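For reference, the chains in residue letters:
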Amino acid sequence: MRFLHTADIHLAKPFGRFDEDTRAALRAARLDALRKLGEEACARHAEFILIAGDTFDAEAPPSKVVRRALDIMGEFPDLLWVLMPGNHDSRAAVDLWERIEKDKPDNVVLALTPEIIEIGDHVAVLPAPPTVRNPGVDLTEWMTGAETGERFRIGIAHGGILDFGSEEGAVAVIPPDRAERSSLDYLALGDWHGQMSITPRTWYSGSPEADGFKGHPQAGALLVEIARSGEAPLVTPVPIGQFDWKILKLDFFAGTDPVEQLAGALSNSGRDSTLVRLEAKGRLGLLEHSQLRDVCDRITDDFHFFEVSWEGLGIEQVVDDLDLIAEGGALRAAADSLFAATDLQGRSTEDVQVAQIALTHLFHIAREETEQ
Amino acid sequence: MKLRMLELTNVRRFGGQKARLGPFGDGLTTITAENEVGKSTFFDALHALLFVAHGSSSQEAKNLQPYSGGAAKVAAEIEIDGKNFRIEKTFNAQKSAKVIDSATGQVIKQQGDAEAWIEENVNRANKGPTGLLWVRQGAIHVDPEGKDKDSSNVAARRDLMSSVRGQIDAVTGGRRMDKIVERCRKELDAMATKTLKAKAGSPWKQAEDKVEELLGQKERLLKDVAMLSQALNTKRRTKTRLRELQNPQKQAERAQQIADATEAFQKAEQHDRSVQDAEKALQLFVAEKDRLIRQIKDITDTQNRRSQLADEVTQRAADVSDSETAQKEADKALTDAQAVIAAKVTERRHLVTSLTAARQNERSRQKWDRLRKIAELAAELAIPQDKLGDAKAILRGPDVTQSDLDHLVDLGRRISIAQEQRRAQFASFSVRPSGTSEAEIDGEAVKPDIEILVDRPLDLHLSGFGRICLRPAAGSGKGIEDPEALQVEHDAALKELGFETLQLARDACNARQHALNDKSVAVAEIRGLAPDGPDALNEEWQTLCAELGHPPDEQLPTQSAPKATDASDLSAEQIEEKIASIDQELEELRSDITDLQMAATEAASETAKANGVLNHLLQEQISSTKPQGEDAELAALENARDIEIDKEDVAKQAYDDLREDAPNLQVARSTHERLLSAENADRDEINTLERVLARVDGAIETQSEGAVEEKLAEVGDQLEKASERAGRYEMQAKALTMLIDHLDTARKDAQETYFEPIRNELRPLLAQLHAEADFELDPEKMLVSKIIRNGVEDDINVLSGGAYEQIAILTRLAFAKLFAKQGRHVPIILDDALVHTDDERISTMFNMLSQAAQDQQIIVLSCRTRAFSDLGGTRAFIETDAI
């Protein structure tokens, strides 16, 4: 028995932080991910696809998005899609699920109630659909007493595992050993956007298309193969995601070459489908700081999105740097006093940041004046 | 610090060579050598040694490299506070730095530590600008014979001053600082207001406006999302409720309940109607029975009443008789009282008449008494009246007052005094003719033995003798009154008074005084006897005589006044007492009359009432005569009553039986109504819910098509980003403000540190060169901007090159002196610094340099060997060796 496990597609997610083009591209990528799931499932001879919640990002997504999603699922008529509500599109979104119920193609099955869904004569899907955004109770408990005969017992649930919590910090209620307790062959989980194995029978598939700088590994789905009921499943990651989200936390040190360090952390290929958030930490001299800023400005357009956080990067006093402002006199005295103001001792973080910006700016202007 | 020696190895023009320059003395050291020997190279190297880090890749370091390349090494022997050190640095390759204790040859610091040592002991010791005390050679060669002499001169001067300026600028930051500050201010001004708020039109303001706009959108979207959420919740609840209401099983159960309840209710209603009918029948029998009972009672009551009436009539007749008797007694009492009052009134009338007569008698007696009194008074009045008449007669005479007398006496006195004075002053003579001789004065014979005063010119004729002219002495008689004039005045006064002599006047005056006294006394006596005056008394006499009928001129009779008629023996007071007593009795009697009248009225009323009651009873008696057949009627009624009682018993039993079996109509009704009501309520609720559902479906469709949730999330993200952007601008503004503050503060500190002391040091120096000249320092640039000589102000730019360079040197000297005063000794290095100075001024400059060199190490480099040969001081030379 073979099927594809996915979740957290979050169709129609807004991505408001990004510019319009990027937003449109990221949204389109999610619908594309749905199609790719179908293609991968067909290519790998999966019998069905389980979507363990959060297919949609909101309780009332635009009907166009719902329509397109259902159309995409309909493009694979031999493939069964089992759709379960998550916490973003919980059972409380009555209107949404009514629309889907009305407009879905025949190969889409809705897991809206905690009742066994029989697929063929050998599979029993036991869904635990969230009734509201944060149910706060363990909805998987019913699986233990569910009579499924000889069928494979595949559970679907959405939410946080008791051990480490939910993606969005909601109350975690699913016991990590639910699969074992309820004699499930596999428990397909949604909510956590990164692929993760809880137990050999319990997995988060993660999002098929990444949606944030969360440091999750490559976005994709899971191909689950179970030879016989009771045997351990073979779970294989299936890459799906179009965009690569990278969060780089780099520590810089004065006296080193930050440009080189940054270059080493960035891949040269696939930049146009990569979104980067650089969190610069450490300390650099003024010149090095300036060089790093310049290179970041230059490479921004190489990537689909490139963002830098400078708050964690301090200024290191290097004599030559301050000499580049002035070797002495009032200008140097001003540079020295500004540099002293970048010391965190006895100062607020904001004051230190302001002083750093001031000193950096002085450096730039002084250099420009010198070059003129 | 003092320089002792410089050594260069493979530096610039000394590539492949080691060159030494020195020794440098404590005071003035002169190094004269032709151009391009490398003098400036030494000092460029010295500057790099002191102020460029050995590891630096700066242009200054690179400039030390010779053409052939390689490491450039610079060393200097210096003295600090009596100790000698050697500083070495290697630039560009094999970079290193060392500080060596010259006494021991030990390396005391290396590399970074050496840099720090130099900074601390050489540069920082100045606590001031680096390179300040240098006067560098002009960058442009001055060619006096060249075509563009003026412009090249100006350029040379400008370059010279700019080297000064550049080094002073190093203190204050100079133009570079100005540009930086100006740029910062412009940037700040472009983005922020004076109060550090976003300026209108600036990117910051746009960012803030964007944040505001997004906040507005977010607020609106939150409402929309809330509405959507509410609509979804409402739909959820509505559908759940509809399912409950439209449950078929529940509906079937309800229908059955309603049917059962309806049947039960109908049965209960029918039974209830039967009970009501039985009750009505019972009530009819009871009503009939009551009517018969009332009729029976009426007849028996009438019979009872009839027997009562006879007794009452008898009683009432007795009452009437009693009332009439009482009425008669009351009337009699009233009549008696009225008679008594009438008698008392008559008595009083008589007494009043007697009182009038008694009063009349009293008045007559009083008049007679008064008349006698007046006669007595008149007799007494005669004496004072006579006295008064006499006094008045005297007073009518001449009015001589005491002042008149005093005036006469005074005149007499003056006359005497004048006479005495005349006698004293004037000579006098008398004649006693003998025989028939005669003497005449002014034709008048002179009586013998009469003293004659010579108070005027006199011509005394003596018969037989002749004339003797007598003249008073000059001035005699001055101030003496004329006694004759006085006498005339005296006599006139007497005559005016009407007397011949003073004594007569005096007697008259005395008599007058007495008369006045007598008059006063008489007037007082008369007033005492007749306060209103004798005339009033007389008038009263006349009046009383007329009233009493007595002739006023006749004497009064001696007997008492006659009595009036109708006068009683009682006095008026006694009569008045009696009248008062009768009045009191009358008052009491009248009060009693009122009570008697009320009693009589009451008695009459009672009598009338008793008569009225009696009449009423008599009429009733007549009307209640027993009719025929009354007894038979009564018996029939009693019989009918008994029959009705039986019927009533039967009907009551039937009614009680029905009531006992009755179902609870209230319960059946309420159950039936409740079920119907619930059914209707469910129906209504279903209708309402369906309408609600239609409405929320519309709202959900609208909001979901509007993608409000997505838009809210999107706006939230955008808002976060916009807020970050606005925050960055704010930080930028703060940073610019901080930057400008620090720059301004540093510049101000530099100015304060250097400006004023510089002025104080420079002024006396400049005075040596330009007597009575003053200058203005540009505080921004710390350069002399104007020089004022003989009241004429010249801008520094128009000065000659020589004046320019002199001022530059003097500025250095001023700094050096300043540092020296602060205990910091810094060498001054003048590298071809007096190239434009004329001979006269150069001499002055030499003097000043020499003076300064007494406390200051000054190293002078010049290519003008001859000119500088007069400078004096230690001479140093450049020596070179191949490496």
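See the structure printed just above.
Note that the structure is a prediction, hence the values are computed from the model and not measured.

1. Details of the interface of chain B and chain A
And then number 1: Listed by partner, the interface residues are 45 residues for chain B and 46 residues for chain A.
And then number 2: Summing the contributions of chain B and of chain A, the shared interface buries around 3900 Å²; its carbon and sulfur component is 58%.
And then number 3: Joining chain B to chain A, the criterion identifies 9 salt bridges.
And then number 4: Lysine 239 of chain B is the partner of glutamate 98 of chain A in a salt bridge, and the nearest nitrogen-oxygen pair spans 2.9 Å.
And then number 5: Where chain B touches chain A, the interface holds 16 residue pairs in polar contact (both at pLDDT 80 or more).
And then number 6: If you list the elements that add at least two residues to the side of chain B that touches chain A, you get helix 4 (149–172), helix 5 (174–191), helix 6 (203–245), helix 14 (665–705) and helix 15 (708–769) of chain B.
And then number 7: Here the side of chain B that touches chain A gets 21 residues from one element, more than from any other, and that element is helix 15 of chain B.

2. A word on the environment of alanine 219 of chain A
Residue and element names in this part refer to chain A.
And then number 1: Of note, alanine 219 is situated in the loop between strand 10 (202–204) and strand 11 (220–225).
And then number 2: Judged by relative accessible area, which is 7%, alanine 219 ranks as buried.
And then number 3: Spatially, the C-alpha atoms of alanine 219 and glutamine 242 are 8.3 Å apart, while their sequence positions differ by 23 residues.
And then number 4: In this structure alanine 219 touches Ser207, Pro208, Glu209, Ala210, Pro239, Ile240 and Gly241, once residues within four positions along its chain are discounted.

3. What to know about the sheet that holds strand 1 (residues 2–11) of chain B
Residues and elements named next belong to chain B.
And then number 1: Spatially, the 7 strands line up as an open sheet ordered 7-6-5-4-1-2-21, and their pairing is antiparallel. Lying at the two open borders of the sheet, with one neighbouring strand each, are strand 7 (106–110) and strand 21 (877–882). Across the sheet, the mean angle from the axis of one strand to that of its neighbour is 20°, orientation sign disregarded.
And then number 2: Both strand 1 and strand 4 (residues 72–80) contribute to a ladder of 7 bridges, which runs antiparallel. Each residue of the ladder has a partner; that of lysine 2, found in strand 4, is glutamate 79.

4. Here's the deal with helix 5 of chain B
All names here are of chain B.
And then number 1: Between the first and last C-alpha of helix 5 there are 26 Å, a value that for 18 residues agrees with the 26 Å anticipated at 1.5 Å per step.
And then number 2: Taken together, the buried positions of helix 5 are occupied by Gly174, Met177, Ile180, Val181, Cys184, Leu188 and Met191. The buried residues of helix 5 occupy one face: seen down the axis, they fall within an arc of 125°. Turned more than 90 degrees off the buried face of helix 5, the exposed positions are Lys186 and Ala190.

How each quantity is defined
Residues numbered from 1 in each chain as written. Chains lettered and ligands numbered in written order. Predicted model: local features only at pLDDT ≥ 70, side-chain atom pairs only at ≥ 80, totals over all residues. Heavy atoms only, no water. Contact = heavy atoms within 4.5 Å. Buried area = accessible area lost by both parts, 1.4 Å probe. Salt bridge = Lys/Arg side-chain N within 4 Å of Asp/Glu carboxyl O. Polar contact = N/O pair within 3.5 Å; in protein donor to acceptor, adjacent residues only side chain to side chain. Helix = DSSP H or I, 4+ residues; strand = E, 2+ residues; numbered from the N terminus. Buried < 20%, exposed > 50% of the residue type's maximum accessible area, 1.4 Å probe, protein only. Pairing = 2+ DSSP bridges. Axes fitted to C-alpha atoms, helices over the stretch in contact; angles between N-to-C directions. Expected span 1.5 Å × (residues − 1). Arc of directions from axis to C-beta.

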